[in-house]
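So the chains spell out like this:
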Amino acid sequence: MEKITRPVIKVAPPGPKAAALIARDVAVASPSYIKEYPLVMESGQGCFVTDVDGNTYLDFMAGIAVTSTGHAHPKVVKAVQDSAAKFLHICGTDFYYESMTTLLEKLAKAVPSMGPCKVFLSNSGTEAVEGAIKLARYHTKRQKIIAFNGAFHGRTLGAITLNASKYTQKSNFGPLLPEVFHAPYSNPFHCPCGVSQAKADTDCTCASYLEKEFFTRHFQPTEVAAIIVEPIQGEGGYITPAKKFLKDLRAICDKHGIVLIFDEIQSGMGRTGDLFAATTLGVAPDVVLSAKGIASGMPIGAIIAKTSVMTWGRGTHGSTYGGNPVCCAAANATIEVLEEKLPHIRKVGQHFIAELKKMQTKHPVIADVRGVGLMIGAEFLKKDGTPAMDYVASLEQMAFRKGLLLLSCGKSTIRFAPPLIISEEEIKVGLEILDQCLTELGTP
């Protein structure tokens, strides 16, 4: 197959084949699906996607930070094929197979600062979240859970209770999980506590809300089972909190015997330049949740917990399909690729951020550029300082029609979460398209 090096739009999307398939899909698909733009994928190669009409696109969103090793990475594809040829299922909850044990071993040591760990495998990120709620309550014999404003943790009932990014995710689905409370999340660019962006890393007081408000007015800390937090918020706007925020949460949990859970479903598996953001940010949680990029697109998730915390007994939690052997094989291959790529991710991530900041000087609608590794956000504001929501929606659609795949998050942020194998040349190509779009759209 000839190597793809840049996007080519042969026919304005959706082309005739894409339009025909979309019409079929609309007739039978749940109306809950979002469908950001009319992309009908036929194949993928590295950082590029080809649609059914022969258009090729440069992928800056990786299926929502999932295809970590790029599309159809040969090592991952071979691992899947070899595993599928042996057996497809036996149920890891009840029996043993090497690919699962090998993956458990890899994940158990993925955050060295956590010390000895044990791992439970699920089918998805939201299942990992549900399991973590159960684990924290079982381990502490407490009920209350603290989450944060702007959070996204999944789509199942417990997970949507923890969410606080968009009301559509939980509206009309009640009653929801009881004993869940939300606190302010540290956002240096829009600090909820009024601290300037320049002083956020040292002066952030967001975590003190728990002690000053929750633990004095509403309940005792000894009632709290867990604090669950995204060390870098994903759907909430690709927000990297102040360094002090996560350290303060760790101290609060240590003081009161609370389980600290890092939801790294989007920030994990190499995206920050380490296997997990916990390492990048220098704070060790008690539990790390993983999914998305763990197996390059195969469905699998994980609860990684300190051995001292994973105290639930035999039969208290399980899964028929969690840890499927084919998915485990894909995850093992993915981790091997990513471990070799970590220096590359750090290098190209720094380059990507630097180039976006250069673009910011040309296009003042880019109000903030933030991120670590290849988890990067660019927030867009109007001249009056309000979120440029319609602008970002138009930018996403225009970029698609020019051959660049983007996704928004938060109120008006574009996330840049490409496959972790992306090159500086591919970044250059994508940013040229982005620059064209911003020039055409102007400043609102």
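In this text the structure is predicted, and so the values were computed from the model without any measurement.

Calculation notes
- Note that residues are indexed from 1 along each chain, following the sequence as it is written.
- The predicted nature of this model means local features are confined to residues of pLDDT at least 70 and side-chain atom pairs, given and counted, to a pLDDT of 80 or more, with totals for whole chains, interfaces and linings taken over all residues.
- Note that the side-chain values use all heavy atoms of the structure and ignore hydrogens as well as water.
- Secondary structure elements follow DSSP: runs of H or I of four or more residues count as helices, runs of E of two or more count as strands, with numbering from the N terminus.
- Under the rule applied, a polar contact is a pair of N or O atoms within 3.5 Å (in protein, one hydrogen donor and one hydrogen acceptor; residues adjacent in sequence only if both atoms are side-chain atoms).
- By definition, residues are in contact when any of their heavy atoms lie within 4.5 Å.
- Think of it in three bands: residues with accessible area under 20% of the maximum for their type are buried, residues over 50% are exposed, and the middle band is partly exposed, with areas taken using a 1.4 Å probe on protein chains only.
- In this analysis, strands are considered paired if DSSP registers two or more bridges between them.
- Here is the rule: rings of Phe, Tyr and Trp (six-membered ring for Trp) pair when centre to centre is within 6.5 Å. Planes less than 30 degrees apart are stacked, more than 60 are edge-to-face, and the remainder are tilted.
- Ring-over charges, as used throughout, are those where CZ of Arg or NZ of Lys falls within 6 Å of the ring centre and within 35 degrees of the ring normal.
- Within this document, salt bridges are pairs made up of a side-chain nitrogen of Lys or Arg and a carboxyl oxygen of Asp or Glu, the two lying within 4 Å of each other.

J.: I would appreciate a short explanation of the side chain of Q266 in the present structure.
T.: Within the secondary structure, Q266 is located in the loop between β8 (259–263) and α10 (277–281). Separated by 2.7 Å, the side chains of Q266 and Y238 make a polar contact. Each residue touching Q266, except ones within four places of it in the same chain, is listed here: I64, A65, G234, E235, Y238, R271, K292, M375 and R415.

J.: Help me understand the pairing of strand β12 (residues 375–380) in this model?
T.: For a regular strand, side chains alternate in direction, first toward one face of the sheet and then toward the other. In terms of residue burial, β12 counts as a mostly covered element, since six of its six residues are buried. Burial of β12 is two-sided: the residues M375, G377 and E379 facing one way and the residues I376, A378 and F380 facing the other way are all buried. By the bridge criterion, six bridges tie strand β11 (residues 366–372) to β12 in an arrangement that is antiparallel. Across the sheet, G371 pairs through a bridge with I376, a residue of β12. The hairpin turn running from β11 into β12, its antiparallel successor, is two residues long, and G373 in that turn takes a positive phi close to 60°.

J.: Would you mind going over the side chain of R415 with me for this structure?
T.: Relative to the helices and strands, R415 resides in strand β15 (residues 413–416). Among the residues examined, R415 registers a relative accessible area of 4% and is labelled buried. In terms of polar contacts, R415 uses its side chain to reach the side chain of Q266, at 3.1 Å. In this view, R415 contacts F60, I64, E235, Y238, Q266, I376, L407, S408 and C409; residues no more than four positions away in its chain are not counted.

J.: Is there a simple way to think about the packing of aromatic side chains in this case?
T.: Two aromatic rings, taken as a pair, are described by how far apart their centres are and by the angle between their planes. If you walk through the whole model with that rule in mind, you get 16 aromatic pairs. Across from the ring centre of Y33, 5.1 Å away, lies the NZ or CZ of K35, which sits over that ring. Over the face of the ring belonging to Y138 we find K141, whose NZ or CZ atom lies 4.5 Å from the ring centre.

J.: Just to check I follow, could you spell out the pattern of salt bridges for this structure?
T.: Opposite charge on two side chains permits them to pair, given that their charged atoms come into close proximity. Summed over the entire model, instances satisfying the criterion amount to 19 salt bridges. Between E211 and K255 there is a salt bridge, and its shortest N-O distance comes to 3.8 Å. Of this pair, E211 sits in helix α8 (residues 208–218) while K255 sits in helix α9 (residues 243–256), and the two are 44 residues apart along the sequence. Looking at E211, the relative accessible area reads 23%, which means it is partly exposed. Given a relative accessible area of 60%, K255 falls into the exposed group. The closest approach of N and O atoms between R217 and E213, which form a salt bridge, is 3.0 Å. With R217 and E213 both in helix α8 and four residues apart, the pair spans about one turn of that helix. Its relative accessible area of 63% is what places R217 among the exposed residues.

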